[in-house]
Amino acid sequence: MAGQRVRTRFAPSPTGYLHVGGLRTALYNYLFAKKMNGDFVIRIEDTDQSRRVEDAEKNLISSLEWAGIVADESPVRGGNYGPYVQSQRLSIYRDYCMQLLEERNAYYCFSTAEELEENRQLQLKQGLQPKYNRKWLPEEMGGNMPSSEVRKKMEEGAPYVVRMKVPDYVSVWFEDLIRGPIEFDSATIDDQVLMKSDGFPTYHFASVIDDHLMEFTHIIRGEEWLPSMPKHLLLYEFFGWEPPKFAHLPLLLNADRSKLSKRQGDVAVEDYIRKGFSSEAIVNFVALLGWNEGEGSEQEVFSMNELIQKFSLERVGRAGAVFNVEKLNWLEKQYIKTRPVAQIVSNIKPLLLEELKGRPFEMPEPLITSDAYLGKVVDLMRERVNYEHEFVTFSSYFFFEPESYEPEAVQKRWTSEIPALLQEFATVLESCGEFTAESIEEALKAFVVPKGLKPALLIHPLRIVASGVSFGPSLYHMLEVLGKETVLRRIVRGIDRIGQGS
Ligand code: GLU
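In this text the structure is predicted, and so the values were computed from the model without any measurement.

## Here's the deal with the overall build of the protein chain
Okay, so step 1: Helix and strand counts for the protein chain come out as 21 helices and 11 strands.
Okay, so step 2: Rg of the C-alpha trace for the protein chain: 32 Å, well past the compact-globule value of 23 Å for 502 residues, more than 25% over.
Okay, so step 3: Residues counted as buried form 51% of the 502 residues belonging to the protein chain.
Okay, so step 4: Counting only contacts in the protein chain whose residues sit at least 6 apart along the sequence, the fraction spanning at least 24 positions is 75%.
Okay, so step 5: As displayed, the protein chain has an accessible area near 23800 Å², and 50% of this comes from carbon and sulfur atoms.

Structure below.
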């Protein structure tokens, strides 16, 4: 393998969406390959036909490309090692299966599902780890089944699978690039099914053959595949192939350290895309789930190019990585702070038009979907939103009249003198020449001070009528962006809706 061009792969099963764990696996494979000036390949593992989802592979590939992970070879791009979809490689697996059968490293098995289940229950009752009981291991391979019986079943056309014959009393060993040396005793290894009765290979068989034929040098994948290693290593040994190097990535965990699950939040990358998270933040976030730059480094914001330069498998930990959405929000905020206004505006414009379709805009549409207006909203709100959709959802009062007024705020701030005061202040605002944050602030102070009142008395109710909520950006700046007409209309409407208060 020395001096060989580095080749890595991401080998998803097309089950309908890209899991964040899958994105991390793809990313680490991509970063490692690019750092080593090698190739990153996508191979679709669709040998479980019952789990197939139409168009899943296209979605997977487009989600990866959205993240900036573009494969050198894939079902879409092609390449010299295709086809890159396992269901198009069935004859290859069949030939290699024949070879194992001929060389007596595999055997036909006619045990029915009921028999297997019965055997499993029996072993469990005896406190044994369930394994195939080798009923169909032929005599010439050390089993009890006469080959005439095997032939008879074949002639009858009985359904069968092909199993690998795990050698007795051997130990299988490899050195994981993240976990160090790991050894397995063959007594613990099951005679794995290689070919299923539908003529499709199992994951184990197909992936070993493809990893070899596609000349991958490094297999980087989730820790859940570690227990499969002895089966895979034995297959390499049967074929006389040199295995690639392996790295098993730490599990992703929920905040309570249980295995990452849908129940505790979104796990599909597409959910985050839909919410308006940026690819930079997601990639940055996922990169840090298990990898860090090393001691002494305080850096947390990394671009894809920096990640390519800095990534190394030595700096991937073994301990489970907690999927902390707060961190993703924080990272997204960092990116929003530095993203050019024009880019954010062009990203949020379609969201604004789409997401809130059917709801009447309060101000004329050309005004509030104009670059100038949206630019002002972005400037004012960019420190406050977690992701771009929140410019539309969290700041909806810039586009729509408040639908309601926060009851706790009303109760606390809307005293009986407020309607009259607001009405009077509205006339002051109306005669304001300029309508800027400064002029509004000045006008408000000049209005309350001679009355012996505190500005806060009016600031809070003004915010409530203008936005419906008790929190937000600087009130004066918010009013400036909304514009005089809208503010005056909202004061009247607020008084009308909230009433005389208590
Ligand atoms: N198809 C497997 C999966 O869905 C790939 C495992 C591997 O990388 O070997 O995760």
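What follows continues from the structure just given.
## Brief notes about the side chain of His-218
Okay, so step 1: Mapped onto the elements of the fold, His-218 is located in strand 8 (residues 218-222).
Okay, so step 2: Judged by its relative accessible area of 11%, His-218 falls in the buried class.
Okay, so step 3: A polar contact of 2.8 Å, which involves the side chain of His-218, links it to the side chain of Thr-217.
Okay, so step 4: Dropping the residues within four chain positions of it, His-218 is found in contact with Val-6, Arg-7, Thr-8, Asn-29, Phe-32, Leu-177, Pro-244 and Lys-245.

## Observations regarding helix 3 (residues 90-102)
Okay, so step 1: Taking 1.5 Å as the rise per residue, helix 3 with 13 residues should run 18 Å; its terminal C-alpha atoms sit 18 Å apart, in good agreement.
Okay, so step 2: Every buried residue of helix 3 is listed here: Leu-90, Tyr-93, Tyr-96, Cys-97, Leu-100 and Leu-101. Buried positions in helix 3, seen along its axis, are confined to an arc of 145° and lie on one side of it. Exposed residues lying more than 90 degrees from the buried face of helix 3 are Asp-95 and Glu-102.

## Concerning the pattern of salt bridges
Okay, so step 1: On inspection of all chains with the given rule, the structure shows 24 salt bridges.
Okay, so step 2: Taken together, the shared-partner salt bridges connect Arg-9, Arg-43, Glu-45, Arg-89, Asp-210 and Asp-211 into one network.

## Considering the pairing of strand 8
Okay, so step 1: Among the 5 residues in strand 8, 5 count as buried, and that is most of the element.
Okay, so step 2: The pairing of strand 8 with strand 9 (residues 245-249) spans 5 bridges and is parallel. Within the sheet, the bridge partner assigned to Ile-220 lies in strand 9 and is Ala-247.

## Some words on the site of the ligand
Okay, so step 1: Every residue lining the ligand is accounted for by Arg-9, Ala-11, Ser-13, Glu-45, Tyr-203, Arg-221 and Trp-225.
Okay, so step 2: The side chain of Ser-13 places a nitrogen or oxygen atom 3.2 Å from an oxygen atom of the ligand.
Okay, so step 3: The side chain of Arg-221 places a nitrogen or oxygen atom 2.9 Å from an oxygen atom of the ligand.
Okay, so step 4: When the ligand sits alone it has 300 Å² of accessible area, and the protein chains cover 82% of it.
Okay, so step 5: For the shell around the ligand, the class distribution of residues is 3 nonpolar, 1 polar and 3 charged.

## Observations regarding the packing of aromatic side chains
Okay, so step 1: In this structure the tally under the stated criterion is 21 aromatic pairs.
Okay, so step 2: With 5.7 Å between their ring centres and 85° between their planes, Tyr-30 and Phe-40 make a pair best called edge-to-face. On the criterion of sequence distance, the pair formed by Tyr-30 in helix 1 (residues 20-35) and Phe-40 in strand 2 (residues 39-42) is long-range, its members being 10 residues apart. Note on accessibility: Tyr-30 and Phe-40 belong to one class, buried.
Okay, so step 3: A network of ring pairs unites the aromatic residues Tyr-272, Phe-277, Phe-285, Phe-323 and Tyr-387 as a single cluster.
Okay, so step 4: For the cation-ring pair, Arg-7 lies above Tyr-81, with the distance from its terminal atom to the ring centre recorded as 3.9 Å.
Okay, so step 5: The ring of Tyr-132 is capped by Arg-163, whose NZ or CZ atom sits 3.9 Å from the centre of that ring.

## Examining the state of the cysteines
Okay, so step 1: One pass over the structure, following the stated rule, counts 0 disulfides.
Okay, so step 2: Cysteine Cys-97 is unpaired, with the sulfur of Cys-109 as its nearest cysteine sulfur at 12 Å.
Okay, so step 3: Of the residues examined, Cys-97 reaches a relative accessible area of 4% and is grouped as buried.

## Side note on empty space enclosed by the protein
Okay, so step 1: All told, the structure shown has 1 cavity of 30 Å³ or more when counted by the stated rule.
Okay, so step 2: What the largest cavity holds in volume is close to 40 Å³.
Okay, so step 3: Lining the largest cavity, in full, are Val-20, Val-269, Tyr-272, Ile-282, Phe-285, Val-286, Phe-323 and Leu-328.
Okay, so step 4: Counting only elements with at least two residues in the lining of the largest cavity, the list comes to helix 8 (269-275) and helix 9 (279-287).
Okay, so step 5: Among the elements that line the lining of the largest cavity, the one with the most residues is helix 9, at 3 residues.
Okay, so step 6: For the lining of the largest cavity, the per-class residue count stands at 8 nonpolar, no polar and no charged.

## Considering unusual backbone geometry
Okay, so step 1: Geometrically, the link from Gly-82 to Pro-83 is a cis peptide bond, its omega value of -5° lying close to zero.
Okay, so step 2: Relative to the helices and strands, Pro-83 is located in the loop between helix 2 (56-66) and helix 3.
Okay, so step 3: One non-glycine residue, Tyr-169, lies in the positive phi region at around 50°.
Okay, so step 4: Relative to the elements of secondary structure, Tyr-169 occurs in the loop between strand 4 (161-164) and strand 5 (171-176).
Okay, so step 5: The class of Tyr-169 is exposed, set by a relative accessible area of 81%.

## Re helix 7 (residues 229-239)
Okay, so step 1: Among the 11 residues that make up helix 7, 10 are buried, leaving the element largely enclosed by the rest of the structure.
Okay, so step 2: Within helix 7 the residues assigned to the buried category are Met-229, Pro-230, Lys-231, His-232, Leu-233, Leu-234, Leu-235, Tyr-236, Phe-238 and Phe-239.
Okay, so step 3: One or two steps after helix 7, the chain reaches Gly-240, where phi turns positive at roughly 70°.

Criteria and cut-off values
Residues numbered from 1 in each chain as written. Predicted model: local features only at pLDDT ≥ 70, side-chain atom pairs only at ≥ 80, totals over all residues. Heavy atoms only, no water. Helix = DSSP H or I, 4+ residues; strand = E, 2+ residues; numbered from the N terminus. Rg over C-alpha atoms; globule rule 2.2 N^0.38 Å. Buried < 20%, exposed > 50% of the residue type's maximum accessible area, 1.4 Å probe, protein only. Contact = heavy atoms within 4.5 Å. Areas by Shrake-Rupley, 256 points an atom, 1.4 Å probe, with all protein chains shown as cover. Polar contact = N/O pair within 3.5 Å; in protein donor to acceptor, adjacent residues only side chain to side chain. Expected span 1.5 Å × (residues − 1). Arc of directions from axis to C-beta. Salt bridge = Lys/Arg side-chain N within 4 Å of Asp/Glu carboxyl O. Pairing = 2+ DSSP bridges. Near = heavy atom within 4 Å. Nonpolar A, V, L, I, M, F, W, Y, C, P; charged D, E, K, R; others polar. Phe/Tyr/Trp six-rings, centres within 6.5 Å; stacked < 30°, edge-to-face > 60°. Lys NZ or Arg CZ within 6 Å of the ring centre and 35° of its normal. Disulfide = S-S within 2.5 Å. 1 Å grid on protein atoms, 1.4 Å probe; cavity = no way out; pocket = protein on both sides within 12 Å on 5 of 7 lines; lining within 4 Å. Points joined across faces, edges and corners; volume = space filled by probe spheres on them.

Treat this as a map of the structure, not an account of what it does.
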